[in-house]
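Notes for the structure review
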Amino acid sequence: MSSSELEKLRVKITELDTHLLTFLAKRQQFTNQVAETKIKNNIPVRDQKREEQLLIRLIKEGKKHGLDAHYVTQLFHVIIEDSVLNQQALLASRANPGGSLTVNRVAFLGDKGSYSYLATQKYFSRRPGKLIEIGCQSFLEIIKKVETNEADYAVLPIENTSSGSINEVYDQLQHTHLSIIGELTHPIKHALLVNQETDVSKIKTLYAHPQVFAQCSHFLAELGNVEVKPCDSTSAAMLTVAELNRDDSAAMGSETGGSLYGLHAIKSNLANQKENHSRFFVVALKPVNVPLQVPAKTTLVMSTVQKPGALVEALMVLRDNKINMTKLESRPITGNPWEEMFYLDVEGNVQDGPMQQALEELQAMTRYFKVLGCYPSEEINPTKVAAVIALDGL
Ligand SMILES: O=C(O)C(=O)C[C@]1(C(=O)O)C=C[C@@H](O)C=C1
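Note that the structure is predicted; figures quoted are calculated from it, not measured.

The rules we used
Residues numbered from 1 in each chain as written. Predicted model: local features only at pLDDT ≥ 70, side-chain atom pairs only at ≥ 80, totals over all residues. Heavy atoms only, no water. Helix = DSSP H or I, 4+ residues; strand = E, 2+ residues; numbered from the N terminus. Expected span 1.5 Å × (residues − 1). Polar contact = N/O pair within 3.5 Å; in protein donor to acceptor, adjacent residues only side chain to side chain. Patch = residues over 30% accessible without salt bridge, like charges linked within 9 Å, V, L, I, M, F, W, Y side chains within 5 Å. Areas by Shrake-Rupley, 256 points an atom, 1.4 Å probe, with all protein chains shown as cover. Salt bridge = Lys/Arg side-chain N within 4 Å of Asp/Glu carboxyl O. Pairing = 2+ DSSP bridges. Axes fitted to C-alpha atoms, helices over the stretch in contact; angles between N-to-C directions. Contact = heavy atoms within 4.5 Å. Core = buried A, V, L, I, M, F, W, Y, C linked by side-chain atoms within 4.5 Å. Buried < 20%, exposed > 50% of the residue type's maximum accessible area, 1.4 Å probe, protein only. Domains from an automatic or database assignment. UniProt positions renumbered as here; feature names shortened; annotations may be inferred.

With 27 residues, helix α3 (residues 69-95) should reach 39 Å at 1.5 Å per residue; the first-to-last C-alpha distance of 38 Å fits that figure. Measuring from the backbone nitrogen of H70 back to the side-chain oxygen at the start of α3 gives 3.1 Å, which picks out D68 as the cap.

This is the structure in structure tokens:
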């Protein structure tokens, strides 16, 4: 193929891609209108029956054009997830009219390029108001910014699919009066970032946040004799490597973040687990009101009385009220050796009858009990089309 033929084809692809974007934007306008009708008529945002019908129709339609059923399903899972999250954000902002700010001052760990920075950008891109970024050096500093009203929100990483819970954040949540008002998950893709043309074999010093080293322990073991230098954040690691400007130093972090410092990736997918995601809490001074049409989660912290089976009894309260627990974490209580504080994430809204009943029962049977927040659930489980495989054969 001559280069002019290639150019002509690329022009056509570019044109089509632009059309696709226009159609996606149109679809978004319609789904925002759907959200308005759902607010008016008190209808739940999610309708998985409709999603299933829509997916089956699209898979069949795709087949006619020679498109693979899995490709079509994946594509529309992303489109529907975006639609659901946008609708949820719209409903949540309507349910908290005083809470929509013209500017959102948001405190997060690190600086431009850190995973917390990328998560902050993602969460607030769906919300009204201009984003003012406040990069901080520690979790304590982030929380203080909101407590002293220097920031409206804080974005805090709480757990990662490879390295587990972030204990320091759990411990800070125990001692603050801030409320969890939102959650989000963000894919964490670590790459080896350098400032010069170099090769993995030349790298002698690695800069990264300790969590990143923990999540990439297999890669580090393979690398062998390399000095690891822990940094306060991934952005601090990127800045250091950019300033050092050496061919034997590299940072570990996201490729997108690294590009903000002029770094490029010489190796990607460094994490031990392929599916590497972090979950973040968004916290604020005041709790939010989560509309009942939106799936909600509630995070609680409690310490049980010192008697055998006390935790089991507390968990039975959830079972009896048909409340699903999505996470249970325990942390030592400072000053009380061998006593534990339990953090629970449960599905449900604090305005719901069974949830109120469960909270009352738990409060009565525990030594310490506090609701840390009720917030819209951003875990959008994709609608499974049982028929995908069968339709494959259509
Ligand atoms: O049709 C609806 O009710 C919508 O809200 C739109 C939509 C979509 O994006 O197609 C999104 C969420 C629902 O779960 C089903 C479908």
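What follows continues from the structure just given.
Turning our eyes to something else, we now look at a nonpolar patch on the surface. A cluster of nonpolar residues, M1, L6 and L9, forms a patch on the protein surface that exposes about 310 Å² of accessible area. Within the fold, L9 resides in helix α1 (residues 3-41).

Let's shift gears to the sheet that holds strand β12 (residues 296-304). Taken in spatial order, the four strands line up as β13-β14-β12-β15 in an open sheet, and their pairing is antiparallel. Edge positions in the sheet fall to β13 (325-333) and β15 (366-376), since each has one partner strand and no second. Shown here is a sheet whose adjacent strand axes are inclined to one another by a mean of 15 degrees, direction ignored. The sheet contact formed by β12 and strand β14 (residues 336-347) spans six bridges and is antiparallel. Its bridge partner lying in β14, K297 is registered against E347. Docked against the sheet, helix α6 (residues 167-175) engages β13, β14 and β15, running at close to 80 degrees with respect to β13.

With that settled, the discussion passes to the nonpolar core. If you look at the biggest cluster of nonpolar residues, it comprises 26 residues, and the most contacted ones within it are F139, I142, L156, V169, L173, F281 and V283. Every element with two or more residues in this core is listed here: β1 (103-109), β2 (130-136), α5 (139-147), β3 (153-160), α6, β11 (277-284), β14 and β15. At four residues, the largest contribution of residues to this core is made by α5. Domain assignment of the residues forming this core places at least three in each of domain 2 (97-188 + 277-284) and domain 4 (296-376). When sequence neighbours within four positions are dropped, the list of residues in contact with L173 reads L156, I158, F281, V283, K370 and L372. F76, I80, L85 and I380 belong to the second largest nonpolar core, which has 20 residues in total.

Even without glycine at this site, N149 takes up a positive phi of about 65 degrees. Here N149 shows up in the loop between α5 and β3. The residue N245 is not glycine, and still its phi comes out positive at about 50 degrees. Considering the arrangement of structural elements, one finds N245 in the loop between α9 (234-244) and β9 (249-253).

UniProt marks residues 1-91 with the feature "domain: Chorismate mutase" (unreviewed entry), using the numbering shown here. The span residues 1-91 is 87% helical and 0% strand by assignment, and the distance between its end C-alpha atoms comes to 52 Å.

Backbone hydrogen bonds hold the strands of a sheet together, and the pairing may be parallel or antiparallel. Read across the open sheet, the five strands follow the order β8-β7-β9-β6-β10; overall the sheet is mixed. Edge positions in the sheet fall to β8 (227-230) and β10 (264-267), since each of these pairs with one other strand and no more. Pairwise comparison of adjacent strand axes, ignoring direction, gives a mean angle of 35 degrees for this sheet. As paired strands, strand β7 (residues 205-208) and β8 are joined by four bridges and run parallel to one another. Residue pairing in the sheet places Y207 in a bridge with K229 of β8. In this fold α9 packs onto β6 (191-194), β7 and β9, with an angle of close to 155 degrees to the strand it touches most, β9.

Our focus in this paragraph is the UniProt feature "binding site: substrate" (unreviewed entry) in the protein chain. Feature annotation in UniProt places "binding site: substrate" (unreviewed entry) on R10, R27, K38, D47, E51, S83 and Q87, given in this structure's numbering. Annotated residues spanning 78 residues; largest pairwise C-alpha distance 41.5 Å, indicating distribution over more than one region. Structurally, E51 is set in helix α2 (residues 48-64). With residues up to four places along the chain from it excluded, the contact list for E51 reads R46, I80, V84 and T383. With respect to the helices and strands, the residue S83 is situated in helix α3. Since its relative accessible area comes to 10%, S83 is described here as buried.

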